[in-house]
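The primary structure of each chain is shown beneath.
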Amino acid sequence: MTYDTGFVVDGRNSRERFDPQTVERELRIIRDDLHCTAVRVIGGDPERMELAASFAVDLGLEVWFSPYPLELTAREMLPLFADCAERAERLRRRGGRIVFVTGAELSLMSREFLPGDTLAKRLEPLTRSDLPRERIAGIGARVNGFLGEAVALVRGHFAGKVTYAAVPLDSVDWTPFDIVSMDLYRSAEIADRFTEGVRTLVAQGKPVAITEFGSACFRGAGDRGARGLEIVEYAAGTGAPLRLVGEYARDEDGQAAYLRELLEVFETEGVDSAFVFLFALYDHPHRPGGDPRDDLDLASYGIVKVFEDRRGDTYPDMPWEPKSAFAALAEFYREVRASAVP
């Protein structure tokens, strides 16, 4: 399971409230009720990440310590990785099972490798059919050059296993890494080739992790794969979510089916680890009963729907309510763990 401690862009943290008691409770639910054995802790604030990872270690969960450097340059990313690697090493020396994730989707998420000061601007040229192949190849060369420097820096502070959460555009050379890790979504465009792609990853020989996969919960979201958040209008200055761009029908069962189908593919094809994206997306709250365009949860990949003004019914101490995907994941992981018992 992926656990979000808050994405940071230009000093704004997407998770405004970060209460340690809530964090520990949510991680306990992830372990006990979802039957997860590992959690990928993501975010842009190293102190928050270390706190959440520390709770997870105390709960016996394997932790993938994953700083998410949104909109940063190489000069800004390297100090973040060094800081996080030191924190991850402290947890490892405490006896924690820790994997360090040296960033994620850097060709798209950072300001280093593609022109454009926002993700939308960086994605725009990639949709053009006339983009020269050599330009795409050049992106991968620059990403690998940076990753070589970053991995050397991380290994100077952290003695455990190291990986990187890639997208195909990164064209990663996996030689310096212990684990091959991909953020992998099934969209309608690649649905007929998805299983074969997973099989090809596993055939490389190193352990394979799917560091990110999931679906929003509006009808048709599974066909969009990683593009579910495109139905949200975001503030130009801060990047804060404002409203949906139109009206969409809720389809929690569709989200649940998507997750289970992909988990079955990963299990069948021999994937070592898979992290659902994600437990909760706190800045995309559920707002029933008003303008349908205000219900940001429809675009959320969270398996719980977050409330702004009340607690949930299933967990009266938590500000959210499980979606259908929550129950589907709990059932799947319970079955997997039961089958693993001799």
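The structure this text deals with has already been given above.
What counts and what doesn't
Residues numbered from 1 in each chain as written. Predicted model: local features only at pLDDT ≥ 70, side-chain atom pairs only at ≥ 80, totals over all residues. Heavy atoms only, no water. Core = buried A, V, L, I, M, F, W, Y, C linked by side-chain atoms within 4.5 Å. Buried < 20%, exposed > 50% of the residue type's maximum accessible area, 1.4 Å probe, protein only. Helix = DSSP H or I, 4+ residues; strand = E, 2+ residues; numbered from the N terminus. Contact = heavy atoms within 4.5 Å. Phe/Tyr/Trp six-rings, centres within 6.5 Å; stacked < 30°, edge-to-face > 60°. Lys NZ or Arg CZ within 6 Å of the ring centre and 35° of its normal. Pairing = 2+ DSSP bridges. Axes fitted to C-alpha atoms, helices over the stretch in contact; angles between N-to-C directions. 1 Å grid on protein atoms, 1.4 Å probe; cavity = no way out; pocket = protein on both sides within 12 Å on 5 of 7 lines; lining within 4 Å. Points joined across faces, edges and corners; volume = space filled by probe spheres on them. Nonpolar A, V, L, I, M, F, W, Y, C, P; charged D, E, K, R; others polar. Parallel < 35°, antiparallel > 145°, perpendicular 65-115°, else oblique. Left-handed = near helix turned anticlockwise from the far one by under 90°.

Asker: Any chance you could explain the nonpolar core here in plain terms?
Answerer: The tendency in soluble globular proteins is for nonpolar side chains to be buried as a group. Counting 114 residues, the largest nonpolar core has Leu27, Leu34, Phe146, Phe279 and Ile303 as its most contacted members. Ranked by residue count, the leading element in this core is helix α3 (residues 74–93), at nine residues. The residues touching leucine 27, leaving out its near neighbours within four places in the chain, are Tyr3, Val39, Ala52, Phe55, Ala56, Leu59 and Leu61.

Asker: Would you explain the packing of aromatic side chains in this entry?
Answerer: By convention here, two paired aromatic rings are described through the distance between centres and the angle between planes. A full pass over the atoms with the stated rule returns 18 aromatic pairs. Aromatic pair phenylalanine 194 and phenylalanine 266: ring centres 6.1 Å apart, planes at 45°, arrangement tilted. One end of the pair, phenylalanine 194, is in helix α7 (residues 194–202); the other, phenylalanine 266, is in helix α9 (residues 252–269), with 72 residues separating them in the sequence. Across the pair, phenylalanine 266 and phenylalanine 194 agree in class, each one buried. An aromatic cluster is built from Tyr3, Phe279, Tyr315, Trp320 and Phe326, whose rings are joined through pairwise contacts. The ring centre of phenylalanine 307 lies 3.7 Å from the NZ or CZ of arginine 310, which sits over that ring.

Asker: Just checking my understanding: could you explain the sheet that holds strand β1 (residues 2–4) for this structure?
Answerer: Backbone-to-backbone hydrogen bonds pair the strands of a sheet. The strands run either parallel or antiparallel. With parallel pairing, the eight strands of this open sheet are ordered in space as β1-β4-β5-β6-β7-β8-β9-β12. Edge positions in the sheet fall to β1 and β12 (273–276), since each has one partner strand and no second. Across the sheet, the mean angle separating the axes of adjacent strands is 25° when strand polarity is ignored. Bridge analysis of strand β9 (residues 208–213) against β12 gives three bridges, and the strand direction is parallel. Bridge pairing in β12 links isoleucine 210 to alanine 274. In this fold helix α2 (residues 46–58) packs onto β1, β4 (38–43), β5 (62–67) and β6 (98–104), with an angle of close to 170° to the strand it touches most, β5. Packing of α3 onto the sheet brings it into contact with β5 and β6, and relative to β6 it is tilted by some 165°.

Asker: Just checking my understanding: could you explain the layout of surface pockets for this structure?
Answerer: Empty space left among the atoms is revealed by rolling a probe the size of a water molecule over them. Of the volumes computed, that of the largest pocket is approximately 2100 Å³. Forming the walls of the largest pocket are 50 residues, and the residues nearest its centre are Glu105, Met109, Leu119, Leu123 and Ala226. Taken together, the elements giving at least two residues each to the lining of the largest pocket come down to β2 (8–9), α4 (106–109), α5 (119–123) and β10 (232–234). Sort the elements by how many residues they give to the lining of the largest pocket and α5 lands first, with three residues. Here the residues of the lining of the largest pocket sort into 28 nonpolar, nine polar and 13 charged. Considered as a void within the structure, the second largest pocket measures approximately 510 Å³ in volume. Partitioning the lining of the second largest pocket into residue classes produces nine nonpolar, two polar and 11 charged.

Asker: Sorry, what's going on with the packing of helix α1 (residues 20–32) against α2 here?
Answerer: For any two helices packed against each other, the geometry comes down to the angle between their axes and how far apart the axes lie. Two elements in contact, α1 and α2, have axes separated by 9 Å at closest approach and are oriented at 40°. Comparing their axes, α2 and α1 come out oblique. Note on packing geometry: the crossing formed by α1 with α2 is right-handed. Touching Pro20, Val23, Glu24 and Leu27 of α1 are Leu51, Ala52, Phe55 and Ala56, all from α2. Residues that form the contact of α1 with α2 fall into these classes: seven nonpolar, no polar and one charged.

Asker: Looking at this structure, I do not really get unusual backbone geometry. What am I missing?
Answerer: Peptide bonds are mostly trans, and most non-glycine residues show a negative phi. For the bond from phenylalanine 277 to leucine 278, the omega torsion is 0°, close enough to zero to count as cis. Despite not being glycine, histidine 35 has its phi angle at roughly 65°, a positive value. Along the chain, the position of histidine 35 falls in the loop between α1 and β4. Of the residues examined, histidine 35 reaches a relative accessible area of 18% and is grouped as buried. A positive phi is found at glutamate 105, a non-glycine position, where the angle reads about 50°. Residue position: glutamate 105 is located in the loop between β6 and α4.

Asker: Can you help me understand the pairing of strand β7 (residues 161–166) in this one?
Answerer: A regular strand places its side chains so that they alternate between the two faces of the sheet. For β7, the buried fraction is high: five of the six residues fall into the buried class. Of the strand pairs in this sheet, β6 and β7 are connected by four bridges, and their pairing is parallel. Along β7, the bridge assignment pairs valine 99 with lysine 161. By the bridge criterion, two bridges tie β7 to strand β8 (residues 180–183) in an arrangement that is parallel. Bridge assignment links alanine 166 to a residue of β8, and that residue is methionine 182.

Asker: Would you mind going over the packing of α7 against α9 with me for this structure?
Answerer: At a minimum axis distance of 10 Å, the contact between α7 and α9 shows a crossing angle of 35°. Seen from above, α7 lies across α9 with right-handed handedness. The residues of α9 that touch α7, namely those facing Phe194, Thr195, Val198, Arg199 and Val202, are Leu262, Val265, Phe266 and Glu269. Taken together, the residues that form the contact of α7 with α9 break down as six nonpolar, one polar and two charged.

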